[in-house]
Number of protein chains: 2
Amino acid sequence: MTRNSAKILTYSQDCNECPIRHRAVCARCESDELEMLEQFKYYRSFEAGQTVVWAGDKMDFVASVVTGIATLSQTMEDGRRQMVGLLLPSDFVGRPGRETSAYDVTAATDLVMCCFRKKPFEEMMLRTPHIGQRLLEMTLDELDAAREWMLLLGRKTAREKIASLVCIIARRDASLQLKASDGELRFDLPLTREAMSEYLGLTLETVSRQMSALRKEGLIVTEGKRQIIIPDFDRLLEETGDDSDGGFLV
Amino acid sequence: MTRNSAKILTYSQDCNECPIRHRAVCARCESDELEMLEQFKYYRSFEAGQTVVWAGDKMDFVASVVTGIATLSQTMEDGRRQMVGLLLPSDFVGRPGRETSAYDVTAATDLVMCCFRKKPFEEMMLRTPHIGQRLLEMTLDELDAAREWMLLLGRKTAREKIASLVCIIARRDASLQLKASDGELRFDLPLTREAMSEYLGLTLETVSRQMSALRKEGLIVTEGKRQIIIPDFDRLLEETGDDSDGGFLV
DNA sequence: ATCAGCTATTGATCTACATCAAGGCGCGAA
DNA sequence: TTCGCGCCTTGATGTAGATCAATAGCTGAT
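Predicted, not measured: the structure shown is a model, and the values here were computed from it.

1. Brief notes about the overall build of chain A
Moving on, step 1. In terms of helices and strands, chain A carries eight helices and 11 strands.
Moving on, step 2. Considering chain A as a whole, with its 250 residues, one finds that 56% of them fall into the buried category.
Moving on, step 3. Of the contacts made within chain A by residues no fewer than 6 positions apart, 71% connect residues no fewer than 24 positions apart.
Moving on, step 4. Surface exposure of chain A reaches about 11,000 Å², of which carbon and sulfur atoms provide 49%.

2. With respect to the interface of chain B and chain A
Moving on, step 1. Listed as interface residues are 52 residues of chain B and, on the opposing side, 52 residues of chain A.
Moving on, step 2. Taken together, the two surfaces of chain B and chain A that pack against each other cover about 4,300 Å², and 55% of this comes from carbon and sulfur.
Moving on, step 3. Residue D144 of chain A is joined to R95 of chain B by a salt bridge in which the shortest nitrogen-to-oxygen separation is 3.0 Å.
Moving on, step 4. Sort the elements by how many residues they give to the side of chain B that touches chain A and helix α4 (residues 129–155) of chain B lands first, with 21 residues.
Moving on, step 5. In terms of residue class, the side of chain B that touches chain A is made up of 21 nonpolar, 13 polar and 18 charged.

3. Digging into the protein's contact with DNA strand D
Moving on, step 1. In the vicinity of DNA strand D there are 17 residues, among which R193, S208 and S212 of chain A together with A158 and T206 of chain B approach most closely.
Moving on, step 2. Close to the protein, within 4 Å, the atoms of DNA strand D belong to sugar or phosphate groups at a rate of 62%.
Moving on, step 3. Here a phosphate oxygen of DNA strand D and a side-chain polar atom of S208 of chain A are 2.8 Å apart.
Moving on, step 4. For the surface near DNA strand D, the element with the highest residue contribution is helix α7 (residues 204–216) of chain A, accounting for six residues.
Moving on, step 5. Taken together, the residues of the surface near DNA strand D sort by class into three nonpolar, seven polar and seven charged.

4. Quick word on helix α6 (residues 193–200) of chain B
Moving on, step 1. Along α6 of chain B, six of the eight residues are buried, which leaves the element largely enclosed by surrounding structure.
Moving on, step 2. Buried within α6 of chain B are the following residues: A195, M196, S197, E198, Y199 and L200 of chain B.
Moving on, step 3. Each element contacted by the buried residues of α6 of chain B is listed here: α4 (129–155) of chain A together with β4 (70–75), β5 (81–87), α4, α5 (158–172) and α7 (204–216) of chain B.
Moving on, step 4. Of the residues one or two after α6 of chain B, G201 of chain B is the one with positive phi, at around 70°.

5. Digging into the pairing of strand β9 (residues 185–188) of chain A
Residues and elements named next belong to chain A.
Moving on, step 1. Where burial is concerned, the two faces of β9 differ: the one with L185 and F187 is buried and the one with R186 and D188 is not.
Moving on, step 2. Across four bridges, the pairing between β9 and strand β11 (residues 227–230) is antiparallel. Bridge pairing in β11 places R186 opposite I229.

6. Looking at helix α3 (residues 118–127) of chain B
Residues and elements named next belong to chain B.
Moving on, step 1. Those residues of α3 not exposed but buried are K118, P120, F121, M124 and M125. Viewed end-on, α3 has its buried residues packed into an arc of 165°, placing them on one side of the element. Facing away from the buried surface of α3 by more than 90 degrees, the exposed residues are K119, L126 and R127.

7. Here we look at the sheet that holds strand β8 (residues 111–117) of chain A
Residue and element names in this part refer to chain A.
Moving on, step 1. Taken in spatial order, the four strands make up an open sheet running β1-β8-β3-β6, and their pairing is antiparallel. At either margin of the open sheet sits one strand with a lone partner, and together these are β1 (41–46) and β6 (92–93).
Moving on, step 2. Along the sheet, helix α3 (residues 118–127) makes contact with β3 (61–67), β6 and β8, crossing β8 at roughly 65°.

What counts and how
Residues numbered from 1 in each chain as written. Chains lettered and ligands numbered in written order. Predicted model: local features only at pLDDT ≥ 70, side-chain atom pairs only at ≥ 80, totals over all residues. Heavy atoms only, no water. Helix = DSSP H or I, 4+ residues; strand = E, 2+ residues; numbered from the N terminus. Buried < 20%, exposed > 50% of the residue type's maximum accessible area, 1.4 Å probe, protein only. Contact = heavy atoms within 4.5 Å. Areas by Shrake-Rupley, 256 points an atom, 1.4 Å probe, with all protein chains shown as cover. Buried area = accessible area lost by both parts, 1.4 Å probe. Salt bridge = Lys/Arg side-chain N within 4 Å of Asp/Glu carboxyl O. Nonpolar A, V, L, I, M, F, W, Y, C, P; charged D, E, K, R; others polar. Near = heavy atom within 4 Å. Polar contact = N/O pair within 3.5 Å; in protein donor to acceptor, adjacent residues only side chain to side chain. Pairing = 2+ DSSP bridges. Arc of directions from axis to C-beta. Axes fitted to C-alpha atoms, helices over the stretch in contact; angles between N-to-C directions.

In structure tokens form, the structure reads like this:
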């Protein structure tokens with residue numbers, strides 16, 4: 001079993017409504033710790049485009065994405081923006097021990113997050129080593145993802161960037177289940193061209209052009225607004241520049 | 001006190017010969033845990049240019065840099081390379097729970113690392129929550145650094161990239177102590193043009209040209225091979241594109 | 001003293017992507 | 001039905017940085 005399939009499996013088992021995805025690992029949890037989590041949990045909803053917190057603002061909670069997509073971005077004084085995190089369901093936001101957000105957190109689609117007040121969460125971390133361990137694992141995964149992303153930003157061509165992004169979403173998207181029998185992959189690409197360009201370090205025009213190019217060559221098929229079909233995943237993978245076995249970008 | 005100065009302070013207090021920099025935090029440690037660390041510790045030296053491990057190779061230890069500089073890089077099939085980690089003294093290498101290296105680890109200068117066999121280290125992590133907590137903190141710092149780096153790779157101009165790199169090294173370099181009385185900063189930039197280009201996602205020619213440009217404008221002064229003087233740190237900072245207060249890239 | 005092998009610099013040219021600009025499509029509001 | 005507004009596409013042009021190429025300094029070996 002490859003690392004990728006293992007990863008996909010892991011995600012499908014995760015619990016989106018717990019900052020440490022506890023369902024997947026709670027065999028080791030004591031039930032009263034979970035009670036603690038339940039007790040301090042609350043939900044917040046955002047519409048597509050809304051900002052959850054601005055960089056520098058107070059952020060007195062940690063959270064995990066339940067449904068929808070959130071992004072982390074940095075902005076330069078003159079307005080240049082770079083996305084630095086793409087949060088899908090079950091992903092974690094917020095840094096224990098830091099009281100302000102270092103990034104703009106934005107709802108890329110309609111979004112539901114499951115939040116925990118930071119204070120009790122940190123106390124529980126101290127009492128329950130398992131939670132810290134889980135968080136460490138998740139953070140290490142994120143760091144690996146960030147480093148794969150750095151390779152993309154620093155060295156890939158626009159075409160490779162687009163192909164990579166489509167493959168990344170395809171792999172992570174839960175509705176991956178929508179895989180048709182003949183090996184074609186059908187799923188939602190719920191990002192605007194602008195969001196894609198912020199992810200990839202390109203302009204939205206370049207994103208649009210390269211999407212068109214991949215479409216003309218039959219590497220991807222678009223259906224309606226944002227439904228994407230990948231007729232042959234391996235063929236698209238070849239356009240990413242990654243070596244065939246690698247690309248374990250979470 | 002700004003975040004930056006706080007960070008510098010932290011580093012200067014760190015212990016380079018312990019994977020969790022324990023001197024800085026060992027007030028909370030039990031002494032027999034430290035004994036454990038001592039017991040499984042060994043040193044390895046490398047010459048500049050030598051490879052510590054290749055991506056994909058077995059890596060049965062974790063380590064911290066004692067002296068010198070190590071880099072983490074990814075390589076694409078056709079040889080394009082991107083640096084994804086720059087490890088200065090006291091920085092940690094290796095991922096607990098992973099038996100192969102995900103990156104090429106290379107000695108950028110002559111290098112001494114303090115290594116711990118992975119197995120006993122992991123056992124100790126289980127027994128000593130404090131170590132995991134420390135590792136989590138360090139990993140979160142690395143993740144922040146990676147995200148700052150992503151902004152650099154995705155959105156900064158070549159000039160801004162160079163200025164940023166020089167500032168980053170200046171801030172982190174221990175020999176920061178070499179700060180002269182009139183506010184000028186003198187330190188070693190122990191990276192070849194090629195290493196700089198791999199860090200920045202540029203070619204080495206572009207690095208060379210931009211270094212020359214900054215030199216001609218008096219923003220930096222070079223002395224001998226790799227000694228650098230920054231006559232006015234704040235003026236150089238303005239060239240990085242970062243907002244004046246931010247830029248806490250570890 | 002000479003040479004081979006690095007590393008760095010600088011120039012000439014090319015090109016991938018950015019920038020500027022003009023429509024087009026779909027959708028909700030009036 | 002029409003208008004306005006987001007979002008996307010496509011074309012024309014500009015440019016930052018890549019690529020190709022020549023040379024120079026430095027170091028250590030013969």
